[in-house]
Amino acid sequence: MSQEAEFVKHIRNHLKEYGFTLIFGRGENVNVGQSRCSGYFLANKSCKEIRVAKNNGVWLNVLAHEYCHFLQWLESTDAKQNKESHAQFIVHEISIGNHNRWTEAQVDKAFRVIMEMERDCEIRTVRLLKQWGIRFDEKLYIKRANLYIYMHHMWRMIS
């Protein structure tokens with residue numbers, strides 16, 4: 001079995017221990033709410049899953065990233081999970097145009113929480129891929145990760 005296949009098997013088994021499922025989509029993106037993305041991690045009362053679009057050139061990196069969100073979730077306290085869930089809710093609401101429910105300070109804090117969580121996840125992802133000996137372009141991955149985090153800064157500025 002290849003290193004990549006072993007990696008996927010490890011993730012699937014680890015997720016299963018905690019009642020999560022790993023789902024691969026056939027396209028370049030998967031549906032999440034009313035939008036599309038290359039992958040996501042979801043942990044709530046009704047659904048525990050990682051979903052990754054497999055028909056793109058970076059699906060293994062996306063899987064590693066979403067798995068690192070799972071690892072964050074595992075290590076997190078209830079208070080921290082509530083704080084991050086609240087921040088994600090605010091950022092999502094802002095993204096669909098609901099601006100009037102929160103103060104500027106609340107919105108700033110929500111974006112900051114999300115950016116910190118994503119930065120930690122990206123650092124974990126690079127470490128995990130290297131640990132497993134998964135071949136990837138580390139410099140390109142880090143550039144894309146930095147752009148993803150910076151996108152949240154820009155998103156905040158225009159909202």
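Up top you'll find the structure we're talking about.
These remarks concern the structure in this document. (Residues numbered from 1 in each chain as written. Predicted model: local features only at pLDDT ≥ 70, side-chain atom pairs only at ≥ 80, totals over all residues. Heavy atoms only, no water.)

**Focus on the overall build of the protein**
On a plain count of helices and strands, the protein comes out with five helices and five strands. Starting at the N terminus and walking to the C terminus, you meet the elements of the protein as α-β-β-β-β-β-α-α-α-α. Over its C-alpha atoms, taken along the principal directions, the protein stretches across nearly 55 × 35 × 30 Å. Taken over 159 residues, the protein has a buried fraction of 39%. Excluding contacts between residues fewer than 6 apart, the proportion of contacts in the protein whose partners are at least 24 apart in sequence is 63%. About 10,000 Å² of surface is accessible on the protein, with carbon and sulfur atoms providing 50% of the total. The average position of the 23 basic charges and that of the 18 acidic charges among the side chains of the protein differ by 2 Å. (Helix = DSSP H or I, 4+ residues; strand = E, 2+ residues; numbered from the N terminus. Buried < 20%, exposed > 50% of the residue type's maximum accessible area, 1.4 Å probe, protein only. Contact = heavy atoms within 4.5 Å. Areas by Shrake-Rupley, 256 points an atom, 1.4 Å probe, with all protein chains shown as cover. Lys, Arg positive; Asp, Glu negative; His and termini not counted. Charge placed at Lys NZ, Arg CZ, Asp CG, Glu CD.)

**Looking at helix 2 (residues 59-75)**
Compared with an ideal rise of 1.5 Å per residue, which puts 17 residues at 24 Å, helix 2 spans 24 Å between its outermost C-alpha atoms and is within 8% of the ideal. Across the 17 residues of helix 2, 15 count as buried, placing the element largely inside the fold. (Expected span 1.5 Å × (residues − 1).)

**A closer look at the environment of Lys16**
Here Lys16 lies in helix 1 (residues 3-17). Looking at Lys16, the relative accessible area reads 58%, which means it is exposed. C-alpha separation for the pair Lys16 and Lys48, spaced 32 residues apart in sequence, amounts to 9.9 Å.

**Topic: the pairing of strand 4 (residues 39-43)**
Sheet topology places strand 4 next to strand 5 (residues 48-53); five bridges connect them, and they run antiparallel. Looking across to strand 5, one finds that Ala43 is bridged to Lys48. What sits between strand 4 and strand 5 in their antiparallel hairpin is a turn of four residues. (Pairing = 2+ DSSP bridges.)

**Structural notes on the environment of Ala5**
By the secondary structure assignment, Ala5 is in helix 1. Judged by its relative accessible area of 31%, Ala5 falls in the partly exposed class. With 92 residues separating them in the primary sequence, Ala5 and Gly97 have C-alpha atoms 41 Å apart.

**Some remarks on helix 5 (residues 138-158)**
Taking 1.5 Å per residue, 21 residues should reach 30 Å; helix 5 reaches 30 Å between its end C-alpha atoms and fits that length. Buried within helix 5 we find Tyr141, Ala145, Ile149, His152 and Arg156. Looking straight down helix 5, one finds that the buried residues subtend no more than 75° of arc, so they occupy a single side. Residues Lys139, Lys143, Leu147, Met157 and Ile158 are exposed on helix 5 and point more than 90 degrees away from its buried face. (Arc of directions from axis to C-beta.)

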